[in-house]
Amino acid sequence: MLAFARLLTLSALLIMLAGCSSPPIQQRTLYVFGTLVDVRVASADSTAFTAAMREIEQRFQAMHHELHAWQPGMLVDLNKAIAEGRTLCVSPEIVHLIERSAQAEQASGERFNAAIGNLIALWGFHTDEPLTGDPPPSDAAIQALVDANPRVSDLSIDASGCVRSSNPSVALDFGGIAKGNAVDAAVAILHRHGLDDAIVNAGGDLRAVGSRDGLPWRIGVRHPKQGGALAEIEVIGDESVFTSGNYQRFNEYEGVRYAHIIDPLSGRPVVGIASATVIHKSADWADAAATALVVAGVEHWQEVAVGMQLDQVLLVDEHGQLHMTPAMQARVKRVSATP
Ligand code: AMP
Ligand code: MG
């Protein structure tokens, strides 16, 4: 849930520029997972909206409790059981996230790895407090966790949702995918209430469905270093836009920034990429993919794009240079001057 906790500083701005009058927009902001989640629907049905929002809020609260990587709850219990070689039966939500994370792990060439919770904790990111500039961990401590080689694919789940691991070093941290999963869940609830024209925007990472009276939703992607928009994208139908960046959360020690996204191969924070933005149908996949692309970096991002079947990707490297797939190039309406 770490990603949730920092979203106010995150990646993209939602700008809805469709200016016509009907149907009315209903809007509510939830404060959950330490961030603001803005839900807007184009519908006059206020009864359905109120009921849907109540359900979404309850579901988010349950997720927060079940999926937190360091506050007491089911995921912390599961990680303890794994470390002790025990089997634990968990919720369908956790089973689903394990399965999606395993798919993302395989498709990304293990750049996305939700089993590296011990590494993320070692670098000091399992805290609700501001990062205080502690020195980085020792090479030996990092190497020991890398050599233990935790992967989500070390887990097996039986038909009753009971999980065991062949590797006790697996420690699940869904910070790179949980927000997308939550956005997908919210959209599913809206659909169930007959609300099919909507945007669910979690601190700038969002999924848009339908339209506003036939007009596209227009999204501004925030520049990773400057203020303002880097690009504008029109979204119509059903699409998710997620951005990850090494600027979003970091620790700073002696002038060096250590980002919260860790390369599972080296055990160290990523360098060289400022941000990665993905457009994809499902929010959880877009979320995992954006994290994986930041790990892959300028040299390997295209391998991840192929492996995860992404056709719309935008990367900003540390020099402010843009790297895009042709399909993303065709979508982007305006790009700010690069630094
Ligand atoms: P995001 O903002 O979606 O890129 O997620 C960043 C969060 O994902 C971090 O705060 C960690 O909780 C987690 N994380 C860090 N590195 C990885 C990685 N290589 N694979 C999967 N999750 C990661
Ligand atoms: Mg992510």
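Up top is the structure.
Cut-offs used in this document
Residues numbered from 1 in each chain as written. Chains lettered and ligands numbered in written order. Predicted model: local features only at pLDDT ≥ 70, side-chain atom pairs only at ≥ 80, totals over all residues. Heavy atoms only, no water. Donors = N, O, S within 2.8 Å, 3.2 Å for Na, K, Ca; no water. Helix = DSSP H or I, 4+ residues; strand = E, 2+ residues; numbered from the N terminus. Buried < 20%, exposed > 50% of the residue type's maximum accessible area, 1.4 Å probe, protein only. Expected span 1.5 Å × (residues − 1). Arc of directions from axis to C-beta. Contact = heavy atoms within 4.5 Å. Polar contact = N/O pair within 3.5 Å; in protein donor to acceptor, adjacent residues only side chain to side chain. Pairing = 2+ DSSP bridges. Axes fitted to C-alpha atoms, helices over the stretch in contact; angles between N-to-C directions.

Novice: Just checking my understanding: could you explain the coordination of the magnesium ion (ligand 2) for this structure?
Specialist: Each pair of donors in an ideal octahedron of six around a metal sits at 90 or 180 degrees, and each pair in an ideal tetrahedron of four sits at 109.5 degrees. Protein coordination at the magnesium ion (ligand 2): the donors are Gly176 (O), Asp287 (O), Asp287 (OD) and Thr291 (OG1), at 2.0 to 2.4 Å from the metal. Positions of the donor residues of the magnesium ion (ligand 2) along the chain correspond to the pattern G-x110-D-x3-T. Of this pair, Gly176 sits in the loop between β6 (162-165) and α7 (178-192) while Asp287 sits in helix α8 (residues 283-307); the two residues are 111 residues apart in sequence, bridging distant segments of the chain. For the pair Gly176 and Asp287, a shared accessibility class is recorded, and that class is buried.

Novice: Can you help me understand helix α2 (residues 46-67) in this one?
Specialist: Count 3.6 residues to each turn of an α-helix, and residues three or four apart come out pointing the same way. When the terminal C-alpha atoms of α2 are compared, their 31 Å separation across 22 residues agrees well with the 32 Å that a helix rising 1.5 Å per residue should span. By the burial criterion, the buried members of α2 are Ala48, Phe49, Ala52, Met53, Ile56, Phe60, Met63, Glu66 and Leu67. With its buried residues spanning 155° around the axis, α2 presents them on a single face. Exposed residues lying more than 90 degrees from the buried face of α2 are Thr47 and Gln58. Along its buried surface, α2 packs onto β2 (25-32), β3 (35-42), α3 (74-83), α4 (92-107) and α7. For α2, the capping residue at the N-terminal end is Asp45, with a side-chain oxygen 3.3 Å from the backbone nitrogen of Thr47.

Novice: Mind showing me how you'd approach the sheet that holds β2 here?
Specialist: Within a sheet, neighbouring strands are paired by backbone hydrogen bonds and run either parallel or antiparallel to one another. The strand order across the open sheet built from eight strands is β2-β3-β7-β8-β11-β16-β17-β18, with neighbouring strands paired in antiparallel fashion. Each edge of the open sheet carries a strand with a single partner, namely β2 and β18 (322-324). Geometrically, the sheet is characterised by an average inter-axis angle of 10° between neighbouring strands, direction not taken into account. The sheet contact formed by strand β11 (residues 237-245) and strand β16 (residues 273-280) spans six bridges and is antiparallel. The residue of β16 that forms the bridge with Phe242 is Val278. Sheet strands in contact with α2 are β2 and β3, and its direction is about 15° off that of β2. Sitting on the sheet, α8 is in contact with β8 (205-210), β11, β16, β17 (312-317) and β18, with an inclination near 130° to β16.

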